[in-house]
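Structural overview for review
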Amino acid sequence: MEKLTIQEQDAMLAVWKTGEGSVKSFMEAMAPPVPPYTTVASTIKNLEKKGYLRSRLVGNAYLYAPAISEEAYKQKFMGGVVKDYFENSYKELVSFFAQKNKISADELREIIGLIEGKK
């Protein structure tokens, strides 16, 4: 699985949000400013070539659908971030955000609740 560019990530977020759809439907799901149609169409084709999307021809238009789930992508690349930048420690990751005041005590308690609920 190849890491996506920012433009590809934006397109994939729209695809994951939409499910199966056309380039136009993905553009409707994208946050402004939305790139021109030709740019989004080119990005979608690149994502298909990379294996992130599959397509099928319906009439004279292509419909695209995710070939990789958002969860699988997050798992792959967040694991890489943790490995490369936080000594393979999720504790270090959470500690980093706590020190930068990017996560509150209430959010940490909620995370602890999620962890304890899975035991």
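First, a word on scope: everything that follows refers to the structure included in this document. Just so we're clear, the structure is a prediction, and the values are computed from it rather than from any experiment.

**Quick word on the overall build of the protein chain**
Per the secondary structure count, the protein chain includes six helices and two strands. Start at the N end of the protein chain and walk to the C end: the helices and strands fall as α-α-α-β-β-α-α-α. What you see for the protein chain is a C-alpha radius of gyration of 18 Å, clearly larger than the 14 Å of a compact globule of 119 residues, by over 25%. For the protein chain, the spread of C-alpha atoms along the principal axes amounts to about 55 × 25 × 25 Å. About 8500 Å² of surface is accessible on the protein chain, with carbon and sulfur atoms providing 55% of the total.

**Comments concerning the nonpolar core**
Of all hydrophobic cores here, the largest spans 20 residues; its most connected members are Met12, Val23, Ile44, Leu47, Tyr52 and Leu53. A total of five residues in this core trace back to one element, the largest contributor, which is helix α1 (residues 6-18). In contact with Ile44, other than residues within four places in its own chain, are Ala11, Val15, Val23, Phe26, Leu53 and Tyr64.

**Focus on the pattern of salt bridges**
For the coordinates displayed, the defined rule picks out six salt bridges. Measuring nitrogen to oxygen at the nearest pair gives 2.8 Å for the salt bridge that ties Glu8 to Lys50. Taken together, the residues span a long stretch of sequence, with Glu8 in helix α1 and Lys50 in the loop between α3 (37-49) and β1 (53-58) at a distance of 42 residues. Its salt-bridge partner being Glu48, residue Lys45 comes within 3.4 Å of it at the nearest N-O pair.

**A closer look at the pairing of strand β2 (residues 61-66)**
As paired strands, β1 and β2 are joined by six bridges and run antiparallel to one another. Each residue of the ladder has a partner; that of Arg56, found in β2, is Leu63. Connecting β1 to the antiparallel partner β2 that follows it, the hairpin turn spans two residues, and Gly59 within it adopts a positive phi of roughly 65°.

**So, the packing of α1 against α3**
Where α1 contacts α3, the two axes come as close as 10 Å, and the packing angle between them is 85°. Viewed along their axes, α1 and α3 adopt a mutual orientation that is roughly perpendicular. Across the interface between the two elements, Gln7, Glu8, Ala11, Met12 and Val15 of α1 pack against Thr39, Thr43, Ile44, Asn46 and Leu47 of α3.

**Here we look at unusual backbone geometry**
Excluding glycine, residues mostly carry a negative phi; peptide bonds, for their part, are mostly trans. Omega for the peptide link from Pro32 to Pro33 comes to -5°, which places this bond in the cis form. Its identity is not glycine, yet Asn88 carries a phi of approximately 60°, on the positive side. Position of Asn88 among the secondary structure elements: in the loop between α4 (70-85) and α5 (90-99). Using a relative accessible area of 55% as the deciding quantity, one classes Asn88 as exposed.

Cut-offs and rules
The residue count restarts for each chain, going from 1 along the sequence in the order it is written. Two thresholds apply to this predicted model, a pLDDT of at least 70 for residue-level local features and 80 or more for giving and counting side-chain atom pairs, whereas whole-chain, interface and lining totals are computed over all residues. Computation of side-chain values covers all heavy atoms of the structure but excludes hydrogens and water. Numbering of helices and strands starts at the N terminus; helices are DSSP runs of H or I of at least 4 residues and strands are runs of E of at least 2. Each radius of gyration reported is based on C-alpha atoms, and the globular scaling rule is 2.2 Å times the count of residues to the power 0.38. The method behind every accessible area is Shrake-Rupley, applied with a 1.4 Å probe, and residues are considered shielded solely by the protein chains displayed. Here the nonpolar core consists of buried residues drawn from Ala, Val, Leu, Ile, Met, Phe, Trp, Tyr and Cys, with membership extended through side-chain atoms lying within 4.5 Å. Exposure is judged per residue with a 1.4 Å probe applied to protein chains only, and the accessible area is read against the type maximum: over 50% gives exposed, under 20% gives buried, and values in between give partly exposed. Residue contacts follow a heavy-atom distance rule, with two residues in contact if any of their heavy atoms lie within 4.5 Å. Any Lys or Arg side-chain nitrogen found within 4 Å of a carboxyl oxygen on Asp or Glu counts as a salt bridge. Whether two strands pair comes down to DSSP finding at least two bridges between them. With axes taken as lines fitted to C-alpha atoms, and helix axes fitted only over the stretch in contact, angles between N-to-C directions fall between 0 and 180 degrees. Roughly parallel here means an angle under 35 degrees, roughly antiparallel means over 145, roughly perpendicular means 65 to 115, and every remaining angle is called oblique.

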